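Working through the structure, step by step
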Amino acid sequence: MASGKPIKPPWWLKPANKLFIQMSRLGMSFGGESPVVLTVAGRKSGRERATPVTPMTVGGKQYVVAGFPGADWVANARAAGQAIVARGRHAQRVRMVELSAADARPILRVFPEEVPTGVGFMKRAGLVTEGSPDEFERLAGRCAVFRLDPV
């Protein structure tokens, strides 16, 4: 696995996110998964910030995993405590509940199976090499995991 040094998002992430947000707002899926647009108030500006995420359902609850440590949307979600999740024209307000490292481990273990496109992203970011459940479990405490509770 990669070292603990800071990871910067790849240069192409912002343009790709803009495309994925538009696709999601049109109700389109990609990679066989159903991403959503997560909109949260900016912690400094207060302006709404949108990012595509792919939630997964585990034990009847929805979760999202940050694609890399230090993601802006994570800091915004921590500060705001809530967000709007939209899929196509359907939008729902949710409370963003960040899991402790211990609680995140079992969620991260199922991530490779539940969100296979996320595995490729995290490999390219240098967070994992094989994409095994064990590797993802070791990201607990490094990559934020949030439970999305309906408000």
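A quick note: this is a predicted structure, and the numbers were derived from the prediction, not measured.

A few words on the overall build of the protein chain. Per the secondary structure count, the protein chain includes 5 helices and 7 strands. When the elements of the protein chain are put in sequence order from the N terminus, they spell out α-β-β-β-β-α-β-β-α-α-α-β. By residue count, 42% of the 151 residues in the protein chain fall in the buried class. For the protein chain, the proportion of contacts with a sequence separation of at least 24, taken over those separated by at least 6, is 63%. Total accessible area on the protein chain is roughly 8,400 Å²; 52% of this is exposed by carbon and sulfur atoms.

Let us now look at the packing of helix H3 (residues 101–114) against helix H4 (residues 116–124). Between H3 and H4, the shortest axis-to-axis distance is 6 Å and the interhelical angle comes to 105°. In terms of orientation, H3 lies roughly perpendicular with respect to H4. Listed contacts from H4 to Phe111, Pro112, Glu113 and Glu114 of H3 are Pro116, Gly118, Val119 and Met122. Partitioning the contact of H3 with H4 into residue classes produces 5 nonpolar, 1 polar and 2 charged.

By the definition in use, this model includes 6 salt bridges. Residue Arg43 pairs with Asp72 through a salt bridge whose shortest N-O separation is 3.8 Å. In this pair, Arg43 is assigned in the loop between strand E1 (36–41) and strand E2 (48–53) and Asp72 in helix H2 (residues 72–80), connecting sequence segments 29 residues apart. Measuring nitrogen to oxygen at the nearest pair gives 2.7 Å for the salt bridge that ties Glu98 to Arg78. Taken together, the residues span a long stretch of sequence, with Glu98 in strand E6 (residues 90–98) and Arg78 in helix H2 at a distance of 20 residues. Residues joined in a network through salt bridges with shared partners are Arg95, Arg147 and Asp149.

If you walk across this open sheet you meet the 7 strands as E2-E1-E5-E6-E7-E4-E3, and the pairing is antiparallel. Where the open sheet ends on each side, the last strands, each with one partner, are E2 and strand E3 (56–58). Here the average twist between neighbouring strands, direction ignored, is 40°. Sheet analysis places E3 next to strand E4 (residues 61–65), joined by 3 bridges and oriented antiparallel.

As a further point, take the environment of Ala66. When you line up the elements, Ala66 lands in the loop between E4 and H2. Expressed as a C-alpha distance, the spacing of Ala66 and Met122, which sit 56 residues apart in the sequence, is 9.7 Å. Ignoring anything within four residues of it in the chain, the contact list for Ala66 reads Trp73, Val74, Met122, Cys143 and Ala144.

Next up on the list: the nonpolar core. The biggest cluster of nonpolar side chains holds 37 residues, and the ones touching the most others in it are Trp73, Met96 and Met122. Counting residues per element, the ones that place at least two in this core are E1, E4, H2, strand E5 (82–87), E6, H3, H4 and strand E7 (145–150). The biggest single contributor to this core is H3, with 4 residues. Not counting chain neighbours up to four residues away, the residues in contact with Met122 comprise Val65, Ala66, Gly67, Phe111, Leu127, Val128, Phe136, Leu139 and Cys143.

Now for a positive patch on the surface. Judged by side-chain charge, Lys14, Lys18, Arg47 and Arg49 come together as a positively charged surface patch. Inspection of the secondary structure puts Lys18 in helix H1 (residues 13–25). Overall, the relative accessible area of 60% leaves Lys18 in the exposed class.

Rules of the game
Chains are numbered independently. Their residues run from 1 in the order of the written sequence. Local features in this predicted model are restricted to residues whose pLDDT is 70 or higher, and side-chain atom pairs enter the listing and the counts only when it is 80 or higher, whereas totals over whole chains, interfaces and linings include all residues. To obtain the side-chain values, all non-hydrogen atoms of the structure were included, while hydrogens and water were left out. A run of H or I in DSSP counts as a helix once it spans at least four residues, and a run of E counts as a strand once it spans at least two, with each numbered from the N terminus. Summary of the burial criterion: residues with accessible area below 20% of their type's maximum are buried, those above 50% are exposed, and those between are partly exposed, where the area comes from a 1.4 Å probe applied to protein chains only. Any two residues whose heavy atoms approach within 4.5 Å are treated as being in contact. Shrake-Rupley sampling with a 1.4 Å probe provides the accessible areas, and residues are treated as covered by the protein chains on show and by no other component. Structural elements are reduced to axes, namely lines fitted to C-alpha atoms, with helices fitted over the stretch in contact, and the angle between N-to-C directions of any two is expressed from 0 to 180 degrees. Between 65 and 115 degrees an angle is taken as roughly perpendicular, under 35 as roughly parallel, over 145 as roughly antiparallel, and anywhere else as oblique. Residue polarity follows a fixed list, in which Ala, Val, Leu, Ile, Met, Phe, Trp, Tyr, Cys and Pro are nonpolar, Asp, Glu, Lys and Arg are charged, and the others, Gly among them, are polar. Whenever Lys or Arg places a side-chain nitrogen within 4 Å of a carboxyl oxygen from Asp or Glu, that contact is recorded as a salt bridge. At least two bridges found by DSSP between two strands are what make those strands a pair. The term nonpolar core refers to a set of buried residues drawn from Ala, Val, Leu, Ile, Met, Phe, Trp, Tyr and Cys, joined through side-chain atoms within 4.5 Å. Two distance rules govern patches: like charges are joined within 9 Å, and nonpolar side chains (Val, Leu, Ile, Met, Phe, Trp, Tyr) within 5 Å, applied only to residues with over 30% relative accessible area and no salt bridge. Only four residue types enter the charge count: Lys and Arg as positive, Asp and Glu as negative, with His and the chain ends excluded. Where a charge lies is defined by one atom per residue type: Lys uses NZ, Arg uses CZ, Asp uses CG and Glu uses CD.

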